[in-house]
Amino acid sequence: MKEQAKRNRYINPYLGGFILGILIIAAYYFSSEGLGSSGGFRDVSIAILDKVAPHYTESNTYISARVEEGAHTWLTFELLGVIFGAIISAVLFGRLKWSVGKAPHITKKKRLYLALTGGILWGIGTQLGRGCTSGLVLSGMALNSLSGYFGLISIFGFGFLFAFLFKKLWIQSKNKKA
Amino acid sequence: MGPLYPEHLNPEYNLLIGFLIGIGFGFVLEASGFTNTRKLAGVFYGYDATVIKVFFTAAVTAMIGLFLMHQWGWIDIYKTFYPKTFWIPTLIGGAIMGLGFVIGGFCPGTSLSAASTGKIDAWYFIAGVFIGIFGFIFTYDFLWKNLRASGAMGKVNFPQWLGIKEGLWIFLFTVMAIASYVIYDKWVNWWKTNRLAQEDIDDLGL
């Protein structure tokens, strides 16, 4: 129980948000980039594909213009930083360990399949919608770009809608037996 | 005057800055609890207020900061990669992402932080993201090409589009953000006192 309490110690959310806001400003100021995630995933995908099938990547109209740069992009280096930053924080807070994050009543196997499925949807959605929660929505809103607000309303609006259908994945009611 | 890249910053330093900013980004995500998939999903059910507070505080901070810096002539935000709006694919893609969020319990940035700190479910999520991206690339020409380019509106500033002053919009957004914090705090409290099993409360550390 005490162990768990320690693992659940987080920084103040307003402080976290403030720092995140400053980082977005810095990303635009220094590099003229938004703070994104899915763009880096795309760049790594392109680099992998280019290693496996170079002729294909040059003929594919979606990625051909990005093949030369490959994974040598600002967004990829930013993601590399994310890995380090997350590890540093997890070490400081004593959270660095192998585990499966899930509600107690969900089996590990089920959670892993659901995570995989959710990931696939994100892979498609980010490419179609031009970014994810950080790049499209948060960084877009930081500039008051209309795209950011469309992204916000769409991701969270539909999220709330779908949440009704999948409530049992995340919480159990007190009155029901676990 | 910003943005410094590409005019005043060489490409190698630019990548280094990306790496450093990434470190901060990953740190904040982990330290705020964004590697905990249940805290993330909590935004949709109201049993956890972390996401809404971090997210909107970041938006308000960046919005105010960039607005003032633009006013003062420290940065020309239209010289940055100011995103173009394609409203149709963003709405449809957003719906797919919303579904993915509720089912998968992560978004790309949070999944990378979580995977880095040992969350095995996040590794599966990331594998899924790559599968999805590859699938998109392979089917782009006949499935997505036209849809992705539809609804093009160019670079659109939201307050301008609404026909109000940007400063006024930022003020209104800030008020809405603060209201959402109050509402979520009440919502979390409702879950805690009435509805949530003790096992869940312990697990979430509420």
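Figured I'd write up the structure that's included with this text. Computed from a predicted structure; not experimentally measured.

Here we look at the overall build of chain B
Helix and strand content of chain B: nine helices and two strands. Starting at the N terminus and ending at the C terminus, chain B contains elements arranged as α-α-α-β-α-α-α-β-α-α-α. When its C-alpha atoms are laid out on the principal axes, chain B stretches across 55 × 45 × 35 Å. Both charge centroids of chain B, one from 13 positive and one from 13 negative side chains, sit 8 Å from each other.

Considering the overall build of chain A
A tally of helices and strands in chain A yields eight helices and zero strands. Ordering the α and β elements of chain A from the N terminus gives α-α-α-α-α-α-α-α. Taken over the C-alpha atoms alone, chain A extends approximately 55 × 35 × 35 Å along its principal axes. Per-residue burial for chain A yields a buried fraction of 56% across its 178 residues. Of the contacts made within chain A by residues no fewer than 6 positions apart, 59% connect residues no fewer than 24 positions apart. Carbon and sulfur atoms make up 66% of the accessible area of chain A, which totals about 8,100 Å². Each charge sign in chain A was given a centre, from 20 positive and 8 negative side chains, and these centres are 27 Å apart.

Structural notes on the interface of chain B and chain A
How big an interface is tends to be stated in terms of the accessible area lost upon association of its parts. Contacts between the two partners involve 135 residues from chain B, matched on the other side by 124 residues from chain A. Here chain B and chain A share an interface that buries about 11,700 Å² over both sides, 74% of which is from carbon and sulfur atoms. The largest per-residue losses of area from chain B upon contact with chain A belong to F25(B), M97(B) and I103(B), which jointly make up 6% of the total buried on that side. For E30(B), the salt bridge identified is with R95(A), shortest N-O distance 2.8 Å. Take the side of chain B that touches chain A: its biggest share by element is 24 residues, from helix α6 (residues 120–149) of chain B. Across the side of chain B that touches chain A, the residue classes break down as 82 nonpolar, 35 polar and 18 charged.

Some details on the layout of surface pockets
Estimated volume of the largest pocket: approximately 1,200 Å³. If you go around the largest pocket, you meet 43 residues; those closest to its centre are E33(A), R42(A), R66(A), L75(A) and F81(B). When its residues are assigned to classes, the lining of the largest pocket shows 15 nonpolar, 18 polar and ten charged. Roughly 380 Å³ of internal volume is contained in the second largest pocket. Along the lines of polarity and charge, the residues of the lining of the second largest pocket split into four nonpolar, six polar and seven charged.

Focus: the nonpolar core
One finds W122(A), M141(A), Y45(B), Y47(B), F56(B) and F173(B) to be the most contacted residues of the largest nonpolar core, which totals 108 residues. Tallying contributions element by element places helix α3 (residues 50–71) of chain B first for this core, with twelve residues. The residues that make up this core include at least three from each of domain 1 (1–31) and domain 2 (35–191) of chain B. Setting aside residues no more than four positions away along its own chain, Y47(B) makes contact with W170(A), I171(A), R38(B), A41(B), G42(B), V188(B), W191(B), L196(B), L204(B) and L206(B).

Brief notes about empty space enclosed by the protein
Counted under the stated rule, the structure contains two cavities of 30 Å³ or more. Its volume calculated, the largest cavity comes out at about 170 Å³. Lining the largest cavity are 17 residues; nearest its centre among them are T133(A), F34(B), F55(B), C107(B) and T110(B). Elements supplying a minimum of two residues to the lining of the largest cavity: α7 (133–142) of chain A together with α1 (11–32), α3 and α5 (108–116) of chain B. In this structure, the second largest cavity spans a volume of roughly 40 Å³. Taken together, I106(A), R111(A), L114(A), L169(A), W170(A) and I103(B) make up the lining of the second largest cavity. Its residues assigned to classes, the lining of the second largest cavity comprises five nonpolar, no polar and one charged.

Observations concerning the packing of helix α5 (residues 74–92) of chain A against α5(B)
Axis separation between α5(A) and α5(B) bottoms out at 8 Å; the angle between their running directions is 50°. Considering their axes alone, α5(A) and α5(B) lie oblique with respect to each other. With respect to the hand of their crossing, α5(A) and α5(B) are arranged in right-handed fashion. Counted together, L79(A), V82(A), I83(A), A86(A) and I87(A) of α5(A) and G109(B), L112(B), S113(B) and S116(B) of α5(B) form the full contact between these two elements.

Some words on a nonpolar patch on the surface
A contiguous nonpolar surface patch, about 470 Å² in accessible area, is contributed by L168(B), F171(B), L172(B), V175(B) and M176(B). Note on placement: L168(B) falls in helix α8 (residues 166–195).

A look at the environment of L9(B)
Following the sequence through the fold, L9(B) ends up in the segment before α1. What L9(B) contacts, discounting residues up to four positions off in sequence, is F30(A), L4(B), N14(B) and I17(B).

Remarks on the environment of I170(B)
Positionally, I170(B) belongs in helix α8. For the pair I170(B) and V60(B), spaced 110 residues apart in the sequence, the C-alpha separation amounts to 7.5 Å. In contact with I170(B), other than residues within four places in its own chain, are N144(A), M63(B), I64(B) and F67(B).

Conventions used here
- Residues numbered from 1 in each chain as written.
- Chains lettered and ligands numbered in written order.
- Predicted model: local features only at pLDDT ≥ 70, side-chain atom pairs only at ≥ 80, totals over all residues.
- Heavy atoms only, no water.
- Helix = DSSP H or I, 4+ residues; strand = E, 2+ residues; numbered from the N terminus.
- Lys, Arg positive; Asp, Glu negative; His and termini not counted.
- Charge placed at Lys NZ, Arg CZ, Asp CG, Glu CD.
- Buried < 20%, exposed > 50% of the residue type's maximum accessible area, 1.4 Å probe, protein only.
- Contact = heavy atoms within 4.5 Å.
- Areas by Shrake-Rupley, 256 points an atom, 1.4 Å probe, with all protein chains shown as cover.
- Buried area = accessible area lost by both parts, 1.4 Å probe.
- Salt bridge = Lys/Arg side-chain N within 4 Å of Asp/Glu carboxyl O.
- Nonpolar A, V, L, I, M, F, W, Y, C, P; charged D, E, K, R; others polar.
- 1 Å grid on protein atoms, 1.4 Å probe; cavity = no way out; pocket = protein on both sides within 12 Å on 5 of 7 lines; lining within 4 Å.
- Points joined across faces, edges and corners; volume = space filled by probe spheres on them.
- Core = buried A, V, L, I, M, F, W, Y, C linked by side-chain atoms within 4.5 Å.
- Domains from an automatic or database assignment.
- Axes fitted to C-alpha atoms, helices over the stretch in contact; angles between N-to-C directions.
- Parallel < 35°, antiparallel > 145°, perpendicular 65-115°, else oblique.
- Left-handed = near helix turned anticlockwise from the far one by under 90°.
- Patch = residues over 30% accessible without salt bridge, like charges linked within 9 Å, V, L, I, M, F, W, Y side chains within 5 Å.

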